[in-house]
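Structure at a glance
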Amino acid sequence: MLDLQTQRTTPQERDLIARLERLSSSAGSHSPSLTMMQEALPDIDVRIDACYLSNPLATDLFWSHFNSDASKDPRFFMRMLEAYPSQNRIIAERFSHAIAVDPGRIFIANGATEAIQAVLHNYSSHVHVNVPTFSPYYEFATPKHEVTTFQLDQDEDFVLDPERYVQSVKRSGADAAILITPNNPDGYQIPDDHLEWILSQLSDLRTVVVDESFIHFSREAESQRLPTLVGLTDNYPNTTIVKSMSKDFGIAGIRAGYAIMKPSRVNELLDHGYLWNINGLAEYFFSLFSRPEFLDEYRTVLKTYNGYIFEFKLKTSAAGFIRSYPTGANFQLMRITNGMTSELVTTLLLLRHGVYVRNCADKIGLDGEFIRVAIRTEPENALIFQALEDVLA
Ligand SMILES: *Cc1c(COP(=O)(O)O)cnc(C)c1O
């Protein structure tokens, strides 16, 4: 691919590409963050972060409440700094009303990633993951774990075939199965009746994880409730729901998530750790979540944002210069079809347009050249689309 790269880039761009490659290889298992990139490569003007997945309207909403509460209370920041936050069970108790789940079933986590680690390390020895997937589901496997995979088919738009899937879990001998819906990175959403059938077939398994971190983007919020699969999984005590708040509430930096599981497991986890795993800022977020007026405003913001997602998908699915996949999430997986590598496309988007997207070259089970594009505000989406067109068409 070097020839193509040389043909299509200037020497300055090639220099920046080399520096970017070095940065990526030192960034750990995930893409370099925007902050990391701007520190290392100050001459790159990153204008839009379409790599990390976040609802920007919800970040603004959080920010306005945060500022208004801080301005009303002179000790707001001081308390957050000097006082211990509440313990896990107490936050769960307060938060339980907002999500209408028995507090004994809620494990409050320092980001959903912590809940994933807790469940995998304590309630599985062999995990079966669908690939491509969100990588912690196999990266957190310990040396004692076995990991097996079920390949999702890109020619079928990553649709999960329930019967083939259940057979694959049973044949694998795994004691834990992971379902992410909508899935990251492809965005496929498992229909409720398929999910229910799968859970009924796997009810003897030790653990089934249903990760609904992107569910707010896939269906209409009903008048009072936010979308969730909690009710659907209630009959299956081996099931754990995992929910991140980072993407839909746009607050990845404060680390807030939770898992819902049977009370005996919550007790077991909390009896042996996780006492103050939530910091003061995240506790503030959980308390905000418990205010009905905040949730009302959030639902409004979500509706607007989901409208932007809808519009963006309409445009990309009609675009001839890239193959984009149907998605129920706030991002879209795209396959590059013009012979360029995902590395080159990612880099040119960044250098020429300041648009940072996820290069999916490291995703296991994703054969071919793919990028994942986070969907943002309307004007940002327009710029992202123009950038894609310019680099690819
Ligand atoms: C981002 C993500 C998470 C974890 O998010 P946290 O920031 O740790 O809350 C969990 N599951 C999926 C599918 C994700 O994409």
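Higher on the page you've got the structure.
Described below are features of the structure shown in this document.

The rules we used
Residues numbered from 1 in each chain as written. Predicted model: local features only at pLDDT ≥ 70, side-chain atom pairs only at ≥ 80, totals over all residues. Heavy atoms only, no water. Helix = DSSP H or I, 4+ residues; strand = E, 2+ residues; numbered from the N terminus. Rg over C-alpha atoms; globule rule 2.2 N^0.38 Å. Contact = heavy atoms within 4.5 Å. Areas by Shrake-Rupley, 256 points an atom, 1.4 Å probe, with all protein chains shown as cover. Lys, Arg positive; Asp, Glu negative; His and termini not counted. Charge placed at Lys NZ, Arg CZ, Asp CG, Glu CD. Pairing = 2+ DSSP bridges. Core = buried A, V, L, I, M, F, W, Y, C linked by side-chain atoms within 4.5 Å. Buried < 20%, exposed > 50% of the residue type's maximum accessible area, 1.4 Å probe, protein only. Near = heavy atom within 4 Å. Polar contact = N/O pair within 3.5 Å; in protein donor to acceptor, adjacent residues only side chain to side chain. Phe/Tyr/Trp six-rings, centres within 6.5 Å; stacked < 30°, edge-to-face > 60°. Lys NZ or Arg CZ within 6 Å of the ring centre and 35° of its normal. Axes fitted to C-alpha atoms, helices over the stretch in contact; angles between N-to-C directions. Left-handed = near helix turned anticlockwise from the far one by under 90°. Nonpolar A, V, L, I, M, F, W, Y, C, P; charged D, E, K, R; others polar. Right-handed = clockwise from strand over helix to strand, strands pointing away.

Scanning the chain from terminus to terminus reveals 16 helices and twelve strands. Here the C-alpha atoms of the chain give a radius of gyration of 21 Å, agreeing with the 21 Å that 2.2 N^0.38 yields for 393 residues. Restricting the contact set of the chain to residue pairs at least 6 apart, pairs at least 24 apart contribute 71%. Counting only carbon and sulfur atoms, one obtains 51% of the accessible surface of the chain, whose full area is about 17200 Å². Treating the 35 positive side-chain charges of the chain as one cloud and the 50 negative ones as another, the clouds have centres 2 Å apart.

Our next topic: the sheet that holds strand β1 (residues 48–50). Each strand in a sheet pairs with another by means of backbone hydrogen bonds, the pair being arranged parallel or else antiparallel. Strand order in the open sheet formed by five strands is β1-β11-β12-β10-β9, and the pairing between neighbours is mixed. Each edge of the sheet is formed by a strand with only one pairing partner; in this case those strands are β1 and β9 (323–324). Where strand β11 (residues 355–359) meets strand β12 (residues 370–374), two bridges bridge the pair, whose relative direction is antiparallel. When the bridges of β12 are listed, asparagine 359 appears paired with isoleucine 371.

The next point concerns the nonpolar core. Tyr165, Met245 and Ile371 are the most contacted members of the largest nonpolar core, which has 97 residues in total. Counting residues in each nonpolar core, the second largest holds 24 residues, with Phe107, Leu120, Ile180 and Ala259 among its members.

Close to the ligand lie 15 residues; Ala112, Thr113, Asp211, Ser246 and Lys247 are nearest. Residue asparagine 184 places a side-chain N or O atom 2.9 Å away from an oxygen atom belonging to the ligand. Residue lysine 247 places a side-chain N or O atom 2.8 Å away from an oxygen atom belonging to the ligand. The protein chains hide 95% of the 390 Å² of surface that the ligand would expose on its own. Broken down by element, the residue count for the shell around the ligand peaks at three residues, all from helix α7 (residues 112–123).

Before going further, it helps to spend a moment on the environment of isoleucine 251. Here isoleucine 251 lies in the loop between β7 (239–244) and β8 (257–260). The class for isoleucine 251 is buried, based on a relative accessible area of 5%. As a C-alpha pair, isoleucine 251 and serine 26 span 225 residues in sequence and 25 Å in three-dimensional space.

Moving on: the packing of aromatic side chains. Counted according to the given criterion, the structure contains 28 aromatic pairs. Between phenylalanine 62 and phenylalanine 285, the ring centres sit 6.3 Å apart and the planes meet at 45 degrees, which makes this aromatic pair tilted. Placement of the pair is phenylalanine 62 in helix α4 (residues 56–72) and phenylalanine 285 in helix α13 (residues 280–289), with a sequence separation of 223 residues. Phenylalanine 62 sits in the buried class, given a relative accessible area of 8%. A relative accessible area of 0% means that phenylalanine 285 is categorised as buried. Between phenylalanine 76 and phenylalanine 77, the aromatic rings sit 5.3 Å apart at their centres with planes inclined by 85 degrees, giving edge-to-face as the arrangement. The residue whose ring lies beneath lysine 247 is phenylalanine 134, and the NZ or CZ to ring-centre distance is 5.5 Å. Positioned above the aromatic ring of tyrosine 123 is the side chain of arginine 265, whose terminal nitrogen or guanidinium carbon lies 4.2 Å from the ring centre.

Relative orientation of the contacting elements helix α15 (residues 342–353) and helix α16 (residues 378–392) amounts to 120 degrees, with a least axis distance of 10 Å. Handedness of the crossing formed by α15 with α16: right-handed. Residues Val345, Leu348, Leu349 and His353 of α15 form the contact with α16, whose own contacting residues are Ala387, Leu388, Asp390, Val391 and Leu392. Classifying every residue of the contact of α15 with α16 by side-chain character gives seven nonpolar, one polar and one charged.

Taken across its ten residues, α13 has eight buried, putting it largely inside the fold. Taken together, the buried residues of α13 touch α4, α5 (76–82), α6 (88–99), β2 (106–109), β8 and α14 (292–318). N-cap assignment for α13: the residue whose side-chain oxygen lies 2.8 Å from the backbone N of leucine 281 is asparagine 279.

Let's shift gears to the pairing of strand β6 (residues 207–211). Along β6, five of the five residues are buried, which leaves the element largely enclosed by surrounding structure. Covered by surrounding structure in β6 are Thr207, Val209 and Asp211 together with Val208 and Val210, the residues of both alternating faces. Inspection of the sheet shows strand β5 (residues 176–180) paired to β6 by five bridges, in the parallel sense. Paired with alanine 176 across the two strands is threonine 207, which belongs to β6. At this point the chain moves from β5, through helix α10 (residues 192–201), to the parallel β6, and the crossover so formed is right-handed.

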